[in-house]
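# Geometric and topological summary
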Amino acid sequence: NAYKSLIFFFWSNSLPFKYHISNRAFFIKPLVEMQEILGSFVQICCKISGSLPISVEWQKDGSKISSGIKHKLIQQDNSVSVEIEQLERPDAGSYSCQTLTSLTRFIVLPSEPPSFVLLPESQAALPNATVRYKSTFTGTPPFTVKWFKDDMELMTGPTCFTGVDETSCFLELYSVAVAQSGIYSCQVSNDAGSVRCSADLTVKGWDSQFFESIERSLCLRSTSFHNPTALSSDYTSKQTPIQKLQNVIAVSCAFFLLASFIL
């Protein structure tokens, strides 16, 4: 009898302990780090195991969160959540959900879509020149950057090079020709969105250079009739050998046309 009494004593005293363990609340779906888009609706949710009712407290950076205009606290059975109607930069931080016996924490990081800070500028170039476009942008990394000519994506190769340096990207075009004239655009994307900008490239043909040389040479020649030293001014001294040769050819053609007209 003493043995049976001893067994009953231990069994009866263990009942409250077992009952206490069964009612102890713990998180079966803990919170995790979240990276959400600025301006979007956010719901932070976790699930708790335990006997109802369960009391929880939400905190942000150690301060208690209450239902209001900014936050909406929801509890349905064993699921609790906090809702943010429109995510803003100040909403970033460390959030926690706490019961009497357990605690879970997580971090909310707003994800900002990319936007351009510096746009590439439209350019005009001579044949065989090197053209460089550059733009800078801001947003939440990682980024994906692509360059296009009209609607065709450009890849690094013998005729061009594309590069990215943190929040800057650039495009280099080598030995450009008239056929490479067109619209060049840069597209930057991340998980939050995508943005695109464009610039024009005009490669002047030899015809346009030729007539410009004639016009410039005629102006210089006309000036030299009144001032013979004008042709050897700073203008001619700064010309490259190719430009000087083009100028001589243009002047010769101009005088040939003038002579033909007179005769």
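Quick notes on the rules
- Numbering of residues begins from 1 in every chain and follows the order in which that chain's sequence is written.
- Selection of residues for local features in this predicted model requires a pLDDT of at least 70, selection of side-chain atom pairs for listing and counting requires 80 or more, and totals for whole chains, interfaces and linings are taken over all residues.
- Only hydrogens and water are set aside; all other atoms, that is, all heavy atoms of the structure, feed into the side-chain values.
- For the purposes of this entry, the term helix denotes a DSSP run of H or I that reaches at least four residues, the term strand denotes a run of E that reaches at least two, and both are numbered from the N terminus.
- When accessible area is computed with a 1.4 Å probe and restricted to protein chains, residues below 20% of their type maximum are described as buried, those above 50% as exposed, and intermediate ones as partly exposed.
- Pairs of residues are marked as contacts when any of their non-hydrogen atoms sit within 4.5 Å.
- Note that accessible areas follow from Shrake-Rupley with a 1.4 Å probe, and for residues the cover is restricted to the protein chains shown.
- Side-chain atoms within 4.5 Å link the members of a nonpolar core, which is a set of buried Ala, Val, Leu, Ile, Met, Phe, Trp, Tyr and Cys residues.
- Stacked, tilted and edge-to-face pairs are distinguished by plane angle, under 30 degrees for stacked and over 60 for edge-to-face with tilted covering the rest, among Phe, Tyr and Trp rings (Trp via its six-membered ring) whose centres lie within 6.5 Å.
- Consider the ring centre and the ring normal. A charge sits over the ring if Lys NZ or Arg CZ is within 6 Å of that centre and within 35 degrees of that normal.
- When DSSP locates at least two bridges between a pair of strands, those strands are taken to pair.
- For helices, the fitted line uses only the C-alpha atoms of the stretch in contact; every axis is such a line through C-alpha atoms, and the angle between N-to-C directions lies from 0 to 180 degrees.
- Salt bridge criterion: a side-chain nitrogen from Lys or Arg within 4 Å of a carboxyl oxygen from Asp or Glu.

## Concerning the overall build of the chain
Helix and strand counts for the chain stand at four helices and 18 strands. Relative to its full complement of 263 residues, the chain shows a buried share of 32%. Sequence separation of 24 or more characterises 61% of the internal contacts of the chain that already satisfy a separation of 6 or more. Entry remark: accessible area of the chain is about 17000 Å², with carbon and sulfur atoms responsible for 59%.

## Quick notes on the nonpolar core
Considering soluble globular proteins, one finds that nonpolar side chains tend to be buried as a cluster. Judged by nonpolar contacts, the single largest core of 19 residues is most densely connected at Tyr133, Leu171, Leu173 and Leu201. Only β12 (131–138), β16 (168–173), β17 (182–190) and β18 (193–203) provide two or more residues apiece to this core. When residues in this core are grouped by element, the largest group, four residues, is from β18. Ignoring sequence-local partners within four residues, the contact set of Leu201 consists of Gln123, Ala125, Val131, Tyr133, Leu173, Gln180, Ser181, Gly182 and Tyr184.

## Notes on the packing of aromatic side chains
What the rule picks out here adds up to three aromatic pairs. Ring plane angle 70 degrees and centroid distance 5.0 Å describe the contact between Phe137 and Phe143, whose orientation is recorded as edge-to-face. One Lys or Arg, Arg132, reaches over the ring of Phe170 and ends 4.6 Å from the middle of that ring. Lying across the ring of Phe148, Arg196 places its NZ or CZ 4.1 Å from the centre.

## Observations concerning unusual backbone geometry
In this model, Pro141 is joined to Pro142 through a cis peptide bond whose omega is 5 degrees. Its identity is not glycine, yet Asp150 carries a phi of approximately 55 degrees, on the positive side. Among the secondary structure elements, Asp150 is positioned in the loop between β13 (144–149) and β14 (152–154). For Asp150, a relative accessible area of 39% corresponds to the partly exposed category.

## Some thoughts on the sheet that holds strand β4 (residues 57–60)
Note: strands within a sheet are paired through backbone hydrogen bonds, in either parallel or antiparallel orientation. Within the open sheet, the five strands sit side by side as β2-β9-β8-β4-β5. Their pairing is mixed. Only two strands of the sheet have a single partner each, and these edge strands are β2 (34–37) and β5 (63–64). Pairing of strand β8 (residues 93–98) with strand β9 (residues 103–111) involves six bridges; the strand directions are antiparallel. Opposite Tyr95, over in β9, you have Phe106 as the bridge partner.

## Considerations on the side chain of Ser96
Within the secondary structure, Ser96 is located in strand β8. With relative accessibility at 7%, the residue Ser96 sits in the buried group. Beyond its immediate stretch of four places on either side in the chain, Ser96 contacts Glu57, Trp58, Gln59, Leu103, Thr104, Arg105 and Phe106.

## Examining the sheet that holds β18
Taken in spatial order, the five strands of this open sheet run β11-β18-β17-β13-β14, and their pairing is mixed. Because the sheet does not close on itself, it has two edges, and the strands there are β11 (123–125) and β14. Neighbour-to-neighbour, the strand axes of the sheet open up by a mean angle of 30 degrees, direction not taken into account. Strand direction decides the pairing type here: β13 and β17, joined by six bridges, are antiparallel. The residue bridging Phe148 from the neighbouring strand is Ser185, located in β17.

## Remarks on the environment of Glu166
Its place among the elements puts Glu166 in the loop between β15 (160–165) and β16. Along the primary structure Glu166 and Phe143 are separated by 23 residues, whereas in three dimensions their C-alpha atoms are 8.9 Å apart.

## Focus: the pattern of salt bridges
Enumeration over the complete set of coordinates arrives at six salt bridges. When the shortest N-O distance is used, the salt bridge between Lys70 and Glu88 registers 3.4 Å. Pair noted here: Lys70 is in the loop between β5 and β6 (71–76) and Glu88 is in the loop between β7 (79–84) and β8, with a separation of 18 residues, a long-range link. The exposure class assigned to Glu88 is partly exposed, which follows from its relative accessible area of 42%. With its nearest N and O atoms 3.1 Å apart, the salt bridge here joins Arg132 to Glu172. Of this pair, Arg132 sits in strand β12 while Glu172 sits in strand β16, and the two are 40 residues apart along the sequence. Linked by salt bridges that have partners in common, Lys70, Glu88 and Asp91 make up one network.

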